[in-house]
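Reading the structure
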Amino acid sequence: MNMKTKIIFGVVTGALFFGGIATAQSGPTAQEIIARSDEVRNPKEPFQVTIQLTEYIAGTARNEMALTVYSKLAATSEKFRNLVRYAEPPRDRGKSVLMDGTMMWFYDPASKTSVRISPEQRLVGQASQGDVVTVNLARDYTARLVGSPDGETIQDADKVARRCWHLELAPKSNEAVYAKAEYWVERDSFHPIKGKFYSDSGRVLKIAYYHRYEKQLGAERPSETIIIDAVNAKLVTTMNFHGYRGLDIPDSWYQREYLPRLKID
Amino acid sequence: MDQVEADPDLAAIPKSVLSATAPTTSSTPGTSSDSRIFLESALTTWERRSDLPVPTPNAQPSYQERLSLDVAYDWKATHALRFSFSDRLNAFAGDDISLSSSSSLRNDLREAFASYEVASQTFLEIGRINLKNGPALGYNPTDFFKPRTQVSLASIDPSESRQNRLGVFMVQGQKLFDGGAVTIALAPEVQHQSRLLTGAPASFDPLLGQTNFSTRYLGSLSFELLGLSPQILVFHDDVGTHLGASSSRVLNTSMVAYAEWSGVDSGSLSQRAIAFGQATGSLPPNTPLIPQSSTGKRFQNDAAIGVSWTSSHRMTVNLEYHYHESGFTRDDFDRWIELGHSSSPLARELWFVRTYAMDEGEPLMRQQIFIRLDWPDAFIQYLNLGLVTFIDPFDRSTLTQLSAQYALSKRWSFGIYATAAFGGVHTEKGSIPWSRTAVLQIVRYF
């Protein structure tokens, strides 16, 4: 190695080293922020949770639905496998859905048959399966910071000021439900505070607020998500998460043959 | 901290949303019980045809009211033992039903079985079980336990008819593994084969002579392979050994394709129907036999191939092609019309063949097109619209049903089903004894 080469090598190495330090000092990357925020929403251990969905039309509760979700991180990827069982309303009780990537089956206890469904066949009214089931945003989207790396201050659902990183998410897998999203994650706590989700045409589809943080399965997690329909301004859906329970879920549950056996414990 | 600007998006959240009490598991009923109970009233009217070329042996009613109490309950006795029960009690009234007769009340015991997890993910079940297979909606060649299990319903939609069918008394074992399962079922003969029902059965007859008239075995293997979710089946009954296979695949975010096939050495539909009629005494001994276009057994294929597509408005359309090799060809059907038109003694037997096909859950014709549309929250929230059409590709006659169901509240729903048979009286669908029917349905869930 001659002197010139040594100098270039030294400059490049130094730049990489100090650049690395500079990056570390400026805080986590956008992708790290979204990954940490995923960990706030989703327990890493297999779990079950009950989700109560309430649709409000012009402020009046019109429709209620309850689902129990059995979720587990796949052994080979950062992907969650989900089983969803309808508990309410009574006409839907016992219906269940398997969502394992693009593998989706719907089971109706009345006909005792499982029908294969496409991702477009949404699960329930206003909330899509992307809202209801456990999803790792970091796996499905590429995140980039928008605005100052120090973040911006926004109001959460309860109008409390929160210092948040503002992220823009672009799909990187075909399992991403939205064409684009904006996401606000609170600095330091990595709590997701707000999300704005867009269609292919760039239209805002829904706005979500995550609030009422409670300690569940070892971490502070949002116990309620408020979803505002950006198309029909009178329509608001709340998703309340309760009854978290760590559960040893065998991998054999995530197949259509198990759906008839998914019962209340 | 920076000056916080008011978030205009927050203005869309009503105060009632923020002040609502958070629910708990104990306040969510469906999370602590596995029961489904509802009361259904279904008033059906029929517009009869009077110009049928092959007259029907049984009079077509003009109206019927059915009131049904439907109960499904699952009880976990221990960690490994569960009991399941599913039943429908029906009360009927109509212009062909005497209120004092046994036909005014009927109980359909659909399921009653015990399930025991003998080892991890290994289940043994015994009792009356509804075991169904096949991904298609209009016709399932691999649904081997479907013969003679139909009960009364409000809709012609096969997916609805599968809701109310009777189970079969059997012993079933299933081992689940990651991505698949092996299932073995043995359904023993419990009673001698009963006749086709031309009238109402005794009120509380479990109809074992229909569901368990011969010893049958089923073995199936399902697994994951390249996203195709295949299933392979072997079934044995008094017809012979049936082979079956099915598969499905997601094509893109809005489309799913599926196919199923079965094959067995057997006689034609009319051969089997007449043999059944003679064996059970459903056809009187002196009935003249309709001439057969083919005799003897040969390998007969059954297939259903379909695709589903879902729009961005959540409307799902299924299009299926059904092939039923032992069914009627166009020539067979023309002969059915000619024989019935020219020989009234044969009319009973000719209709018997059609009733037999319906009872077996088979299409009458060799080929059939099936279209189904399902549109939840159509135009307004809680309004579900549906369309089901069977098309005979030989004579283009169709049987079409439009349905609308509206969830008035969490517990009440209201439905209308309007069905019409299109085609001349010499066509398959145009030769049935009614031209139009309508059902008014009210359901109260508990």
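Quantities reported herein were computed from a predicted structural model and do not represent experimental measurements.

**Considering the packing of helix α4 (residues 269–280) of chain B against helix α6 (residues 344–360) of chain B**
Residue and element names in this part refer to chain B.
- Running from N to C, α4 and α6 cross one another at 100°; their axes reach a closest spacing of 9 Å. Judged by the inter-axis angle, α4 sits roughly perpendicular to α6. When α4 is examined against α6, the residues Leu269, Ser270, Arg272, Ala273, Ile274, Phe276 and Gly277 are found in contact with a partner set consisting of Glu349, Phe352, Val353, Tyr356 and Ala357.
- The class makeup of the residues in the contact of α4 with α6 is eight nonpolar, two polar and two charged.

**Quick notes on a nonpolar patch on the surface**
All names here are of chain B.
- A contiguous nonpolar patch, built from Tyr116, Val118, Leu124, Ile126, Phe169, Val171, Leu186, Val190 and Tyr217 and spanning about 750 Å² of accessible area, is present on the exposed surface.
- Those elements giving two or more residues to the nonpolar patch turn out to be β4 (105–119), β5 (122–129) and β6 (168–177).
- Structurally, the position occupied by Val171 is in strand β6.
- Residue classification places Val171 among the partly exposed residues on the basis of a relative accessible area of 33%.

**Quick notes on the pairing of strand β18 (residues 434–445) of chain B**
All names here are of chain B.
- As defined by bridge partners, strand β1 (residues 36–48) adjoins β18 across 11 bridges and the pair is classed as antiparallel. When the sheet's bridge partners are listed, Ala42 is paired in β18 with Gln441.
- In terms of strand pairing, strand β17 (residues 412–422) meets β18 through nine bridges, oriented antiparallel. Of the residues in β18, the one forming a bridge with Trp412 is Arg444.

**A word on unusual backbone geometry**
- A cis amide bond links A:Glu88 with the next residue in sequence, A:Pro89, at an omega value of 0°.
- For B:Arg148, which is not a glycine, the phi torsion comes out positive at approximately 65°.
- With respect to the element layout, B:Arg148 can be found in the loop between β5 and α2 (158–161).

**Concerning the packing of helix α5 (residues 330–342) of chain B against α6(B)**
Residues and elements named next belong to chain B.
- One way to put it is that α5 packs onto α6 with a least axis distance of 6 Å and a crossing angle of 145°. Here Phe333, Trp336, Leu339, Gly340 and Ser342 of α5 come into contact with α6, specifically with Ser344, Leu346, Leu350, Trp351 and Arg354.
- Of the residues in the contact of α5 with α6, the class split is six nonpolar, three polar and one charged.

**Digging into the pattern of salt bridges**
- Taken as a whole and judged by the stated rule, the model has 35 salt bridges over all chains.
- Note that B:Asp74 and A:Lys263 form a salt bridge whose closest N and O atoms lie 3.6 Å from each other. Of this pair, B:Asp74 sits in strand β2 (residues 63–76) while A:Lys263 is found in the segment after β14 (235–246), placing the two residues in two different chains.
- On the accessibility criterion, A:Lys263 (24% relative accessible area) is partly exposed.
- Notably, a salt bridge pairs B:Asp70 with B:Arg110, separated by 2.7 Å at the nearest N-O pair. A residue pair is termed long-range when its members are at least 10 positions apart, and B:Asp70 in strand β2 and B:Arg110 in strand β4 qualify at 40 residues. Judged on exposure class, the residue B:Asp70 and its partner B:Arg110 are both buried.
- One salt-bridge network, in which partners are shared between bridges, spans A:Lys72, A:Lys79, A:Arg81, A:Asp100, A:Asp251 and B:Asp178.

So, how was this worked out
- Residues numbered from 1 in each chain as written.
- Chains lettered and ligands numbered in written order.
- Predicted model: local features only at pLDDT ≥ 70, side-chain atom pairs only at ≥ 80, totals over all residues.
- Heavy atoms only, no water.
- Axes fitted to C-alpha atoms, helices over the stretch in contact; angles between N-to-C directions.
- Helix = DSSP H or I, 4+ residues; strand = E, 2+ residues; numbered from the N terminus.
- Parallel < 35°, antiparallel > 145°, perpendicular 65-115°, else oblique.
- Contact = heavy atoms within 4.5 Å.
- Nonpolar A, V, L, I, M, F, W, Y, C, P; charged D, E, K, R; others polar.
- Patch = residues over 30% accessible without salt bridge, like charges linked within 9 Å, V, L, I, M, F, W, Y side chains within 5 Å.
- Areas by Shrake-Rupley, 256 points an atom, 1.4 Å probe, with all protein chains shown as cover.
- Salt bridge = Lys/Arg side-chain N within 4 Å of Asp/Glu carboxyl O.
- Buried < 20%, exposed > 50% of the residue type's maximum accessible area, 1.4 Å probe, protein only.
- Pairing = 2+ DSSP bridges.

Distances and angles like these do not, on their own, reveal function.
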